[in-house]
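Report on the structure
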Amino acid sequence: MDEAGTTQALTTLSPILPERMRELTSRLRVVRYTPGLGRPLLQLGFIHYARWIIVEWLPPRTGNGGWHGLRWKYLLFEGNYDGSAGEYFRAFSDILPARLIGLWGDCVGFERAALRRHRGGAPSVQPSGFQTFIDSNSLEILTRFAAFPGSTAIDIRQAVTLNELEAEASREPRNARSARAALQRKSEARETALGPVSPTLTVRERFSALYDPWKQALSGHYGVNPLTVVTPLSGERADALREASRRRPLDGLNGTETHFARLSIIPPWLTDLGQPNPDRLDTAYLLYTSDSWGQPYDHIETVRTKLGATADLMWGECDGYPGHDERAKARFHAWVNSHTLKTRYYVAGYPPRSVAKIHRYLEQRARAAERYAAERAAAGQLRAGADNDRD
Amino acid sequence: MIEIDEIQGNVLYAYGECFSYARYVLLRITNAASARERVRWWVEEVTFGRRPQDLPPAVDARPHVNIAFTFPGLRSLGVPDDLLFTFPEEFRQGPRERAEDNGDVGDSSAEHWIEGLGTGHILLVVHAHDEEGRDRLVADLLKGIDASMTVLHDLSAARLKTRRAPGRVQAETAQSGQAICNIALDREHFGFSDGCSQPAIEGLHDDPTGGGVYVRTPLTGWQPVWSFELLLEDLGLKSVRKHWRSIRPGEFVLGYDNEDGVLPTGPPDPLGPNGTFMVYRPMSQDVPTFDTYVADEAQRLELDPELVRAKIVGRWPDGTPLTLCPERRDVLIATDRRRANDFLYQEAGNGYPADTDGYGCPLGAHVRRANPRDALPGGGERTMRHRIIRRGMPYGERDGTGDRGLVFVCFNASIANGFEFILRTWCNDGAALGLAERDLLLQQGDPEKFTGMVIQFPDNRTVVLKPPPKPFVTVRGCEYLFVPSRRACQWLANLR
């Protein structure tokens, strides 16, 4: 686990019980394509992005981009969230136990650590047990990048809402009804700007929470898209990356359309969590993950151009890695694509917007808050002045 | 089953309104051997397991003594290291080391605390009916103490009584149709009734309404039925069934299951079980600044000053919750502890609408921050591990010019999850929970970042209270203490 600004990051890898594999796969498919099933997660208000991936193969240390199958399949989870880790686990366990069981209940060790069965009722999750389970499955995070380190998911959601409300309020009213609606929007905008506003979803947000994920899941394009690249990593290269992490190598993504990015390590022993006949990995693996606005191609190009040296450090020792030169552009894309894992389920805490837009919306919200507060204060002073004149 | 007789008095049950005088004496051990002798004697005097119904008020006149130890205090008494390191980290570190994270900066910073606070070893607390009885007992307890300890800090406190003005009583009587006379109200120096909401504890309080937590009702029955029910809830087609339930005792006392279903962190038997952690935190209240601020803002915003006060706190001065009575206070509710606590923010209740948007009690009001009930995303489950038992008392003269304020005292099984979490996450920040401002009443932390407060009204009016020129409350010191059980006290007294 790692902290940066107001957001925290968590990456876990958990072996899936073979007899439950089919069930988990279909469940992930259902939640992905059923609008609204992500709603309870979003209502917690502290998730920026979360993804679930089933890892069935890993690229071998030698060989040219081939993959070798694993004895066990693994559930890879990655999340960016606000608040403390304890709060996060407790909120999940207490408020969404069924969802939690649905996502991790098929993994080795979950039942023993966290699941509590009750006769004649739904099972529950013990938060400390869940935290123990997560701790034992957590990956080391080397470094990370956040485009909005000082803003919570709720801040961003409110900033996006404010922008929409102000845009609607500023439209030329066509009739009395739309003029009334515009006035209403203006008032809502003021409340949103001044905050704090209720963290519960508005009707508009509820609709978006149902419709947008469905549309995105069907198209496979989330607006903000996840990218997960897994590559073999030698011990020496891991040490070099740890050393380089002190200089925050992912900060090169500043000013790009990357919302979050991180480097994590899957150690060779992590695949042995006490299950029978575990996988014996001959090397550690490096995970490069990101959430970025636009197509994955654009983000890979950003990595090539903005993180060139870091990309070479991350992947330079891998067979077939072509380097980040302009001449190797096509091969670079092909190589990264060949090491990319497919996301099974993806959750975004706010409507998909570009980084530049969200920065603008956050600034707009800060300015609007100042403006509204000043307007109010001026109105108060004017009234006070008028009263003094009368006296 | 809670072993009430093992737990020190005033923890689970308050001593009550009859015990209106208190004195807090903080000591530092200078000679361990004679200090242990002294502790052995004091332990004999400590009140354990007092229930409100134990004795009729007329008979129950004996002053009560309580004793608590800081981490350095336990070490000085000779508690072995292997036991000392079973105490939670925040207790071992102490309040001075954690002051900055708690928002104790500027005038509230540890360097400005009353000399000795934050460095003490033993806190003696005496509650009595009258001033003379209290001071006599303290003098007895401290007689000949010089050989073993020095007194670092000695603070007297007393409940402030407010008798309603006759005209106001008549008006209230006419309004309510009932005769209510001569009601003495406990107030702190800003004029508010204090300690209105206390947690309802499993095995101790029969009625969890208001004091407990409002959580999802467990799903029971045939699996396909509740699975379908869950699906409907996820899709937003059915609302989640919720109910009030009491909070597990392990959130307040060591040795019992907490809300995680495990024992809270603490030392093993006999030192830990039935003990609890106490935060002692005298806070000075700047009454003239608060009054002037309220008057100025009320004039600027054309609001009733009483309403401005109430919006800052979230209750009317008499304790009536704004969620129940946004327009005016209601003496019938204020004087009925159960009714004064029987409300939620997200859900409508008996005779009041839902207050989701903070039209009644503002989203940033003090009481809504300190105990958000169901207001946080996710509901009551988010608050059930962050509740504290409060036993504060005002100090200083009501109308005097000298230092006056509140002796904030709270009990919790985990200072990090209770007191510190509430202060840091809900009062001093709250950003991750949708609260953009700080608690206007406390205004702790960097003075450069003082915030105002947004108040929204049902008619779409929004007003903003300006940031105050300086904080209304200054922390004068803090101690993190361990309040041992009867068995633990005897064990400590017999240390060699």
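Residues numbered from 1 in each chain as written. Chains lettered and ligands numbered in written order. Predicted model: local features only at pLDDT ≥ 70, side-chain atom pairs only at ≥ 80, totals over all residues.

Moving on: the overall build of chain A. If you tally the helices and strands in chain A, you get 14 helices and 11 strands. Taken across its 391 residues, chain A has 46% of its residues classed as buried. Sequence separation of 24 or more characterises 78% of the internal contacts of chain A that already satisfy a separation of 6 or more. (Helix = DSSP H or I, 4+ residues; strand = E, 2+ residues; numbered from the N terminus. Buried ≥ 20, exposed ≤ 12 C-beta atoms within 10 Å, placed from the backbone. Contact = placed C-beta atoms within 7 Å.)

A few words on the overall build of chain B. Secondary structure assignment for chain B yields 15 helices and 16 strands. Against the 2.2 N^0.38 benchmark of 23 Å for 496 residues, chain B shows a C-alpha radius of gyration of 23 Å, consistent with a compact globule. Projected onto its principal axes, the C-alpha coordinates of chain B cover approximately 70 × 65 × 50 Å. In chain B, which comprises 496 residues, the proportion classed as buried is 53%. Long-range contacts, defined here as pairs at least 24 residues apart, represent 72% of the contacts in chain B between residues at least 6 apart. (Rg over C-alpha atoms; globule rule 2.2 N^0.38 Å.)

A word on the nonpolar core. Core analysis: the largest hydrophobic core is formed by 124 residues, its most contacted members being Tyr24, Leu123, Leu124, Met278, Val279, Val407 and Leu481 of chain B. When residues in this core are grouped by element, the largest group, 7 residues, is from strand E1 (residues 21-29) of chain B. Contacts of Met278 of chain B, omitting those with residues within four sequence positions, involve Ala68, Val409, Phe411, Leu481 and Val483 of chain B. Leu24, Ala114, Leu139 and Val229 of chain A belong to the second-largest nonpolar core, a separate cluster that totals 96 residues. (Core = buried A, V, L, I, M, F, W, Y, C linked by C-beta atoms within 7 Å.)

Residue and element names in this part refer to chain B. As far as domains go, chain B holds domain 1 (4-95 + 113-163 + 192-197 + 266-277 + 479-493), domain 2 (213-245) and domain 3 (282-475). Taken over C-alpha atoms, the centre of domain 1 sits 29 Å from the centre of domain 3. When residues of the side of domain 1 that touches domain 3 are traced back to their parent elements, those giving at least two are E1, helix H4 (89-93), strand E4 (149-158), strand E9 (276-285) and strand E16 (479-483). Looking at which element gives the most residues to the side of domain 1 that touches domain 3, the answer is E4, with 3 residues. Here the side of domain 1 that touches domain 3 is composed, by residue class, of 14 nonpolar, 6 polar and 3 charged. (Domains from an automatic or database assignment. Nonpolar A, V, L, I, M, F, W, Y, C, P; charged D, E, K, R; others polar.)

Let's shift gears to the packing of helix H1 (residues 32-45) of chain B against helix H15 (residues 486-493) of chain B. Residues and elements named next belong to chain B. Their axes nearest at 8 Å, the elements H1 and H15 cross at an angle of 150°. On the basis of their axis angle, the class for H1 and H15 is roughly antiparallel. The handedness of the crossing between H1 and H15 comes out as left-handed. Residues Arg36, Val39, Arg40 and Val43 of H1 form the contact with H15, whose participating residues are Cys489, Gln490, Leu492 and Ala493. Grouping the constituent residues of the contact of H1 with H15 by class yields 5 nonpolar, 1 polar and 2 charged. (Axes fitted to C-alpha atoms, helices over the stretch in contact; angles between N-to-C directions. Parallel < 35°, antiparallel > 145°, perpendicular 65-115°, else oblique. Left-handed = near helix turned anticlockwise from the far one by under 90°.)

A separate point is the sheet that holds strand E8 (residues 224-233) of chain A. All names here are of chain A. A sheet is described by the order of its strands in space; here 4 strands give the open sequence E7-E9-E10-E8, paired in antiparallel fashion. Sheet topology places strand E7 (140-146) and E8 at the edges, where each strand pairs with a single neighbour. For this sheet, the mean angle separating the axes of adjacent strands, direction not counted, is 10°. Sheet analysis places strand E9 (residues 258-266) next to strand E10 (residues 284-293), joined by 8 bridges and oriented antiparallel. If you follow Arg262 over to E10, its bridge partner there is Thr289. Most of the contacts of helix H10 (residues 235-245) go to E7, to which it runs at about 40°, and overall it touches E7, E8, E9 and E10. (Pairing = 2+ DSSP bridges.)

Residue and element names in this part refer to chain B. When helix H10 (residues 305-313) is considered as a whole, its buried residues turn out to be Val308, Arg309, Ala310, Lys311, Ile312 and Val313. Among the structural elements, helix H9 (287-301), helix H13 (366-370) and strand E13 (453-456) are those in contact with the buried residues of H10. In the stretch just after H10, Gly314 is the one whose phi turns positive, near 100°.

Moving on, we get to the environment of Ser34 of chain B. Residue and element names in this part refer to chain B. Following the sequence through the fold, Ser34 ends up in helix H1. With 16 C-beta atoms counted inside 10 Å, the residue Ser34 sits in the partly exposed group. Considered as a pair, Ser34 and Ile145 are 111 residues apart in the sequence and their alpha carbons are 9.0 Å apart. Apart from residues lying up to four places away in sequence, Ser34 is in contact with Ala147 and Ser148.

Time to look at the confidence of the model for chain B. Residue and element names in this part refer to chain B. Taken over all residues, the pLDDT of chain B has a mean of 87, while the share at 70 or more is 91%. Considering each helix and strand of chain B separately, the mean pLDDT is smallest for helix H7 (residues 166-176), with a value of 40, and largest for E16, with 98. A low-confidence stretch, residues 163-184 (pLDDT under 50), is modelled with 16 contacts involving residues beyond four sequence positions or located in other chains. Predicted as a complex, the structure gets a pTM of 0.86 and an ipTM equal to 0.76. (pLDDT = per-residue confidence, 0-100.)

Here we come to the packing of helix H3 (residues 85-95) of chain A against helix H6 (residues 127-137) of chain A. Residue and element names in this part refer to chain A. It is the contact of H3 with H6, at a shortest axis distance of 9 Å, that shows an interaxial angle of 125°. As the angle between them shows, H3 and H6 are arranged oblique. Considering only the axes of H3 and H6, their crossing is right-handed. Together, Phe89, Arg90, Ser93 and Asp94 of H3 and Pro127, Phe130, Gln131 and Ile134 of H6 make up the contact between the two elements.

Looking now at unusual backbone geometry. For the bond from Asp269 of chain B to Pro270 of chain B, the omega torsion is 5°, close enough to zero to count as cis. If you trace the backbone, Pro270 of chain B turns up in the loop between strand E8 (242-245) and E9. Positive phi values are uncommon outside glycine, yet Asn277 of chain A reaches one of about 50°. Tracing the sequence through the fold places Asn277 of chain A in the loop between E9 and E10. At Gln443 of chain B, a residue that is not glycine, the phi angle is positive and equals roughly 45°. Looking at where Gln443 of chain B falls in the secondary structure, it is placed in the loop between helix H14 (416-427) and E13. Taking the C-beta count within 10 Å as the criterion, Gln443 of chain B has 24 such neighbours and is therefore assigned buried.

The next subject is the environment of His129 of chain B. Residue and element names in this part refer to chain B. Along the chain, His129 turns up in the loop between strand E3 (122-128) and helix H6 (131-142). Taking the C-alpha atoms as reference points, His129 and Asn350, separated by 221 residues in sequence, lie 38 Å from one another. If near-sequence neighbours (up to four positions away) are discounted, His129 is found in contact with Cys18, Phe19 and Ala61.

The next point concerns the confidence of the model for chain A. For chain A, per-residue confidence averages 82 on the pLDDT scale, and 84% of positions sit at 70 or higher. Scored below 50 in pLDDT, residues 381-391 of chain A shows 3 contacts in the model against residues more than four places distant or in partner chains.

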